[in-house]
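# Working through the structure, step by step
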Amino acid sequence: MTDVATAHTPPAPTTLGALRDSGAAFRPVKAEIRANLLARLGAGEPTLPGIVGFEDTVVPEVERALIAGHDLVLLGERGQGKTRLIRTLVGLLDEWTPVLAGSELNEHPLAPISVWAHRQIAEQGDDTPVTWLHRSERFGEKLATPDTSVGDLIGDVDPIKVAEGRTLGDPETVHYGLVPRTNRGIFSVNELPDLAERIQVALLNVLEERDIQIRGYRVRLPLDLLLVASANPEDYTNRGRIITPLKDRFGAEVRTHYPIELADEIRLLHQEAQTSGLGAPTGHDGFDAPVVPQHLVEIVARFTRLVRESSHVDQRSGVSARFAIAGLETVAASAVRRAAIAGETRPVARVVDLPGIVPASRGKVEFADAGSDPDDDRELEVLEHLLRQATAQTFRARCGGLDLTGLQEHFTGGETVESGELVPGAALLGQLGTIPRLAELLGRLGVPEGEESAEQAAAAVEFALEGLYLTRRLAKDTDGTRTVYGA
């Protein structure tokens, strides 16, 4: 239905006769997705908007699978965006599509498949009412769990309908499951290997013959849908976790991955981290949304990558993108907490907010050498060490070649600078007085000239102090709440 593919409001309800007279034609869902995908490719538009880091790897494989009309399975460790990618596929459906009014199976008026639909058309003819279904309602999803039943996915006999006097042989006594109810749409099974084998068998006909079987009923429903599954590679490839005939019926297997480039990791954080709504309500002793400087975003991204690469971490489990997202949100929340306590009007995250990531995110990491004690301090030590490494790498990348001797000379007479998670930015700057080359430092860290504030200047200076400490040009003493820099 190309005439309604880009409409923003639903077309008016119509009838079967009027729909036929308009020249409408039935188009299978895979053909619909293929046509819209090719249109986007031809126009140079993103085919899967919002998917970061997969542009040159995963996305082309998915595009080829969709053009070929294949059902597909996405294999990848946790937090690699598999579910996000699957839900993005809905955008390749027509925005509105006609359905028979009242159909449980979203049947196209020109291609009915159920006994109910054929009876409606036989009784009402061209006056059969037709309504419109938005693409957001053409997506079904099931998280595979061991207790998932055939009835959940495919359907079962409805005892209420039987009690109303219908015979057990009547197909209309069937209560359809999630898969048939997503007819003419996209159905997703997350964590496919967790389905019991007998439930996996129930999907065989859906994938190949495109029909369903319910308790021996002779129900022939030529379902029209795209089936997409997700799985962990270890579970999917291990013998016995998924039956071979089901694997064989998926037309394409696509491997996902964590962001390959640091820039993609940073883009993902900017896109997914929810930090803008953390400020207090304006007008009630409120303040603006927190600012997380770019160098702190980079530290969190580098920290995540170092954790993934660490020999102490179970590589089979992986480190989810949610690890980085939650970490950045924790940093922003720490800045808001300081602003609320210290009376700052513009919360700006600083290096002193980074340590809060470690205890908050430890539960997101599976350690390969974890002992029997789940509170082993060794885990915290590993994460703290990797966070320092990430900070040092970012300092070298952003401040390499920058003359910081003027800042360092402040400490030659034995002076110290005290900081901490509750020390306001203005108080930190007040201990340093005039800071040589501050404008150059701010420029290196991406603060636009003329837009700097005391809080942003403090964030830049504290980052420089931490960098000088990590490169052994300053000393530091900390007890967790109070940090003192000195010569």
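Residues numbered from 1 in each chain as written. Predicted model: local features only at pLDDT ≥ 70, side-chain atom pairs only at ≥ 80, totals over all residues. Heavy atoms only, no water.

Moving on, we come to the overall build of the protein. Each helix and strand counted, the protein has 21 helices and 13 strands in total. Split into buried and exposed, the 487 residues of the protein put 49% on the buried side. Surface summary for the protein: the accessible area is close to 22,300 Å², and the carbon and sulfur share equals 49%. (Helix = DSSP H or I, 4+ residues; strand = E, 2+ residues; numbered from the N terminus. Buried < 20%, exposed > 50% of the residue type's maximum accessible area, 1.4 Å probe, protein only. Areas by Shrake-Rupley, 256 points an atom, 1.4 Å probe, with all protein chains shown as cover.)

In this section: unusual backbone geometry. Peptide bonds are mostly trans, and most non-glycine residues show a negative phi. We note that Glu191 has phi near 60 degrees; this positive angle belongs to a residue other than glycine. One non-glycine residue with positive phi stands out, namely Arg437, at about 60 degrees. Considering the arrangement of structural elements, one finds Arg437 in the loop between α19 (425–430) and α20 (438–444).

With that settled, the discussion passes to the packing of helix α17 (residues 377–399) against helix α21 (residues 454–470). It is the contact of α17 with α21, at a shortest axis distance of 9 Å, that shows an interaxial angle of 110 degrees. Compared by their axis directions, α17 and α21 come out roughly perpendicular. Across the interface between the two elements, Arg388, Thr391, Ala392, Thr394, Phe395 and Cys399 from α17 touch Phe463, Ala464, Glu466, Gly467, Leu468 and Leu470 from α21. Of the residues that constitute the contact of α17 with α21, the class distribution is seven nonpolar, three polar and two charged. (Axes fitted to C-alpha atoms, helices over the stretch in contact; angles between N-to-C directions. Parallel < 35°, antiparallel > 145°, perpendicular 65-115°, else oblique. Contact = heavy atoms within 4.5 Å. Nonpolar A, V, L, I, M, F, W, Y, C, P; charged D, E, K, R; others polar.)

Our focus in this paragraph is the nonpolar core. One finds Phe303, Val307 and Leu354 to be the most contacted residues of the largest nonpolar core, which totals 58 residues. At the level of elements, α13 (262–272), α14 (294–309), α15 (321–342), α16 (357–361), α17, α19, α20 and α21 are the ones that each hand at least two residues to this core. Leu75, Leu204, Leu223 and Ile242 belong to the second-largest nonpolar core, a separate cluster that totals 31 residues. (Core = buried A, V, L, I, M, F, W, Y, C linked by side-chain atoms within 4.5 Å.)

The next thing to look at is the packing of aromatic side chains. This structure, assessed with the given rule, holds two aromatic pairs. Centre to centre, the rings of Phe303 and Phe323 are 5.5 Å apart; their planes meet at 45 degrees, and the pair counts as tilted. Of this pair, Phe303 sits in helix α14 while Phe323 sits in helix α15; the two residues are 20 residues apart in sequence, bridging distant segments of the chain. Note on Phe323: relative accessible area 1%, which makes it buried. The interplanar angle of 70 degrees and the centroid separation of 5.9 Å between the aromatic rings of Phe395 and Phe463 together place this pair among those described as edge-to-face. Within this pair, whereas Phe395 is found in helix α17, its partner Phe463 is found in helix α21, the two being separated by 68 residues in sequence. In this structure, Phe395 and Phe463 share a single accessibility class: buried. The ring of Tyr258 carries the charged tip of Arg308 above its face, separated from the ring centre by 4.0 Å. (Phe/Tyr/Trp six-rings, centres within 6.5 Å; stacked < 30°, edge-to-face > 60°. Lys NZ or Arg CZ within 6 Å of the ring centre and 35° of its normal.)

To continue, consider α14. With 16 residues, α14 should reach 22 Å at 1.5 Å per residue; the first-to-last C-alpha distance of 23 Å fits that figure. Of all the 16 residues making up α14, 14 are buried; the element is thus mostly covered by neighbouring parts of the structure. (Expected span 1.5 Å × (residues − 1).)

To continue, consider the side chain of Thr128. Inspection of the secondary structure assignment puts Thr128 in the loop between α5 (115–124) and β4 (129–134). Among the polar contacts listed, one links the side chain of Thr128 to the backbone oxygen of Gly125, at a separation of 2.7 Å. Leave out the neighbours within four places in its chain, and Thr128 touches Thr14, Thr15, Leu16, Leu100, Gln120 and Ile121. (Polar contact = N/O pair within 3.5 Å; in protein donor to acceptor, adjacent residues only side chain to side chain.)

Glancing now at the confidence of the model for the protein. Averaged over every residue, the pLDDT of the protein is 87; the share at 70 or more is 90%. Note that pLDDT drops below 50 for residues 1–6; the model gives that stretch 16 contacts with residues more than four away or on any other chain. (pLDDT = per-residue confidence, 0-100.)

Scanning all chains against the criterion turns up 23 salt bridges. Among the ionic pairs, Arg27 bridges to Asp94, the shortest N-O distance being 3.0 Å. Of this pair, Arg27 sits in the loop between α1 (16–21) and α2 (29–43) while Asp94 sits in the loop between α4 (82–88) and β3 (96–100), and the two are 67 residues apart along the sequence. Judged by relative accessible area, which is 2%, Asp94 ranks as buried. Between Arg267 and Glu55 there is a salt bridge, with the nearest N and O atoms lying 3.0 Å from each other. Residue Arg267 is located in helix α13, and its partner Glu55 is located in the loop between α2 and α3 (58–68); the two are separated by 212 residues in the primary sequence. (Salt bridge = Lys/Arg side-chain N within 4 Å of Asp/Glu carboxyl O.)

Another point: the sheet that holds strand β5 (residues 139–143). A sheet is described by the order of its strands in space; here five strands give the open sequence β5-β8-β9-β2-β10, paired in parallel fashion. The strands lining the two open edges of the sheet, one partner per strand, are β5 and β10 (252–255). Strand-to-strand twist in this sheet, taken as the mean axis angle between neighbours without regard to direction, amounts to 20 degrees. One ladder, built from five bridges, connects strand β8 (residues 185–190) with strand β9 (residues 225–231); its direction is parallel. Pairing of Phe187 across the sheet is with Leu227, part of β9. Against the sheet, α2 touches β8 and β9, its axis set at about 80 degrees to β9. Packed on one face of the sheet, α3 meets β2 (72–75), β9 and β10 and runs near 170 degrees to β10. (Pairing = 2+ DSSP bridges.)

The subject of this paragraph is the sheet that holds β4. Here we have three strands laid out as an open sheet, ordered β1-β4-β3, and antiparallel in their pairing. Two strands close off the open sheet at either side, each with one partner strand: β1 (14–15) and β3. Strand direction decides the pairing type here: β3 and β4, joined by five bridges, are antiparallel. Residue pairing for β4: Leu100 is matched across the bridge by Val130.

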